[in-house]
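Close look at the chain arrangement
The lines below spell out each chain.
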Amino acid sequence: MTALDTVSAPALTRHTSPSRGLLLAMLRLHRTALLFWLGLVVVAAGALLWAMGPGADAAWAEYTDMGCDQARPNLGCDSPGPANSRYQTAVAVAIGLVRLLPLLTGAWAGGALIGRELENGTAQLAWTQSVGPARWLAAKLAVPALLLVTGTLTLTLLHRMLWSADRAPISAMGWRGWHDAGTFEINGTIAAAEALAALALGVLAGLLLRRTLPALGVAVLAVMSLVYVLDALRPHLWPVKTVVTSLDDGTPGIDSMIVETGALTASGARVPIPSCSGEPGCDARAGITDYYIDYHPASHFWPLQLMETGLLLAVAALAAATAFVLLRRRTGAAV
């Protein structure tokens, strides 16, 4: 017996509209997932708010008490104290929860949202209560999408406030900067787009397999593959800038998203830096004249964000459209 089994057809038709009845039944059936999502947002938001307030104050006070406010004058500055460790943990927990969200979303969408309902027959029950398959699927996509985007963008705004207001404590603890994978994703639109793509892929997996566990597994693998591919593709989504330095200046050091480093010959050909580089005469024997580095500066943050977001939304749209076409072929319902 499921939650939908307790909702009779007359109850839905006499007292509520079909759309409202579908929404109420959906929220009742998936209330555990809803509470889990609200709890995740509350925990992550609480960690970020604490880090912006008392956490940052305590971390910075501890850091300056160690004499570390003047360019790290002693070795002890490399080892954060308890206050800095708590601050770092709070920020890491918030980022970690957001980065875990796509996997959780895909698993839930494939297993519980779609796969379990098709396997148990609750979806077919809903279709007999003035709710067609197309409207049922639209609700399954729209309601979670609204909740996911609202919660994720809230966490994104809080993290951006933290990053801009308390940059000193973050830098003091050795965080890499705007191009760090977790920071880059949560500071822009990518996190919300990843959640939407994971939702659509999970829904498609559920419709394809119509079984809870297989759909869950396939959805997780699909989301992991998508995230892995886009992480590897990210540096190549926008034209890079290049810095060239002479042999006397050595290899350039740039605190940005590094795409490629190497050496240049007299003909301008790009070659790997020799393993013996730094030894007298090594570069000359190898025909090296300069060093180069391809990188993305901080000004490329939003172009890279929007390009990757566009790819994620395209994946989400394609997966959702495929799900509707598949549902139409199986049920004969107009979409």
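Residues numbered from 1 in each chain as written. Predicted model: local features only at pLDDT ≥ 70, side-chain atom pairs only at ≥ 80, totals over all residues. Heavy atoms only, no water.

A few points about the overall build of the protein
In plain terms, the rule: In this description a helix means any DSSP run of H or I spanning at least four residues, a strand means any run of E spanning at least two, and both kinds are numbered starting from the N terminus. We call a residue buried when its accessible area falls under 20% of the maximum for its residue type, exposed when it is over 50%, and partly exposed in between, using a 1.4 Å probe and counting protein chains only. Whether two residues are in contact is decided by their heavy atoms, any of which lying within 4.5 Å being enough. Residue exposure ignores everything except the shown protein chains as possible cover, and the areas themselves are Shrake-Rupley values with a 1.4 Å probe.
When helices and strands are tallied, the protein shows 12 helices and four strands. Counting across all 335 residues of the protein, residues that qualify as buried make up 46%. The long-range share in the protein, meaning contacts at least 24 apart out of those at least 6 apart in sequence, stands at 79%. Taken as a whole, the protein presents about 16,200 Å² of accessible surface, with 64% of it coming from carbon and sulfur.

Overview of the pattern of salt bridges
Here is the rule: The working definition used for a salt bridge is a side-chain nitrogen of Lys or Arg within 4 Å of a carboxyl oxygen of Asp or Glu.
In the structure shown here, the tally under the stated rule is eight salt bridges. For Lys140, the salt bridge identified is with Glu117, shortest N-O distance 2.4 Å. Separated by 23 residues along the polypeptide, Lys140 in helix α6 (residues 133-165) and Glu117 in helix α4 (residues 82-120) bring together distant segments of the chain. Judged by relative accessible area, Lys140 falls into the buried class, the value being 2%. Here Asp231 and Arg234 are joined by a salt bridge, their closest N and O atoms 2.9 Å apart. Residues joined in a network through salt bridges with shared partners are Arg99, Glu185, Asp231, Arg234 and Glu308.

What about the sheet that holds strand β3 (residues 270-271)?
For clarity, the cut-off: At least two bridges found by DSSP between two strands is the condition for calling them paired.
Judged by pairing direction, the sheet is antiparallel, and its four strands sit side by side in the order β1-β4-β2-β3 without closing on themselves. One side of each edge strand has no neighbouring strand; the edge strands of this open sheet are β1 (241-246) and β3. As judged from the six bridges shared by β1 and strand β4 (residues 288-296), these two strands associate in the antiparallel manner. Across the sheet, residue Lys241 finds its bridge partner in β4, namely Tyr295.

Observations concerning the packing of aromatic side chains
Put simply, the rule is: Within 6.5 Å between ring centres, the rings of Phe, Tyr and Trp (the latter by its six-membered ring) count as paired, and their orientation is classed by plane angle as stacked under 30 degrees, edge-to-face over 60, tilted in between. To sit over a ring, a charge needs its Lys NZ or Arg CZ within 6 Å of the ring centre and within 35 degrees of the ring normal.
Taken as a whole, this structure holds four aromatic pairs when the rule is applied. Seen from their ring centres, Trp178 and Phe184 are 6.2 Å apart, and the 50° between their planes marks the pair as tilted. Taken as a pair, Trp178 and Phe184 share a single burial class, namely buried. Consider the rings of Trp178 and Phe301, whose centres lie 6.2 Å apart with planes at 80°: the pair is edge-to-face. Separated by 123 residues along the polypeptide, Trp178 in the loop between α7 (167-172) and α8 (181-186) and Phe301 in helix α12 (residues 301-331) bring together distant segments of the chain. Taking the relative accessible area as the measure of exposure, Trp178 reaches 12% and is therefore buried. Put simply, the rings of Trp178, Phe184, Phe301 and Trp302 pair up and form one aromatic cluster. One Lys or Arg, Arg270, reaches over the ring of Tyr292 and ends 4.0 Å from the middle of that ring.

With respect to the nonpolar core
One recurring pattern in soluble globular proteins is that nonpolar side chains are buried together. Definition in use: The nonpolar core is taken to be a set of buried Ala, Val, Leu, Ile, Met, Phe, Trp, Tyr and Cys residues, with the residues joined through side-chain atoms within 4.5 Å.
Within the largest apolar cluster, 66 residues are counted, with the highest numbers of intra-cluster contacts made by Trp136, Leu137, Leu199, Val203 and Leu207. Counting residues per element, this core draws most heavily on helix α9 (residues 190-209), at 13 residues. Non-local contacts of Val203, meaning those with residues more than four positions away in its chain, are made with Ala109, Leu113, Ile114, Leu137, Leu141 and Ala323.

Some remarks on the packing of α9 against helix α10 (residues 212-233)
Stated formally: Inter-axis angles, ranging from 0 to 180 degrees, are taken between N-to-C directions of lines fitted to C-alpha atoms, where helices are fitted over the stretch in contact. Each crossing is labelled by how the near helix is turned from the far one, with a counterclockwise turn of less than a right angle marking it left-handed and a clockwise turn marking it right-handed. Each residue is assigned to one of three groups, with Ala, Val, Leu, Ile, Met, Phe, Trp, Tyr, Cys and Pro labelled nonpolar, Asp, Glu, Lys and Arg labelled charged, and all others, Gly among them, labelled polar.
Two numbers describe how α9 lies on α10: the axes approach to 8 Å, and their chain directions differ by 145°. Seen along the crossing, α9 lies across α10 with a hand that is right-handed. Together, Glu194, Ala197, Ala198, Leu201, Gly202, Ala205, Gly206 and Leu209 of α9 and Pro214, Ala215, Val218, Ala219, Ala222, Val223, Leu226 and Val227 of α10 make up the contact between the two elements. Taken together, the residues that form the contact of α9 with α10 break down as 13 nonpolar, two polar and one charged.

Digging into the pairing of strand β2 (residues 257-265)
In summary, the side chains of a regular strand alternate between the two faces of the sheet. Note: β2 against β4, eight bridges, orientation antiparallel. The partner of Gly262 across the bridge, within β4, is Tyr292. Sheet analysis places β2 next to β3, joined by two bridges and oriented antiparallel. Bridging from a neighbouring strand, Leu264 pairs with Arg270 of β3. Joining the antiparallel neighbours β2 and β3 is a turn of four residues, in which Gly268 adopts a positive phi near 90°.

Some thoughts on the environment of Leu312
When you line up the elements, Leu312 lands in helix α12. On the accessibility criterion, Leu312 (1% relative accessible area) is buried. Along the chain, Leu312 and Glu194 lie 118 residues apart, while their C-alpha atoms are 6.2 Å from each other. Non-local contacts of Leu312, meaning those with residues more than four positions away in its chain, are made with Ile190, Ala193, Glu194, Ala197, Leu226 and Leu230.

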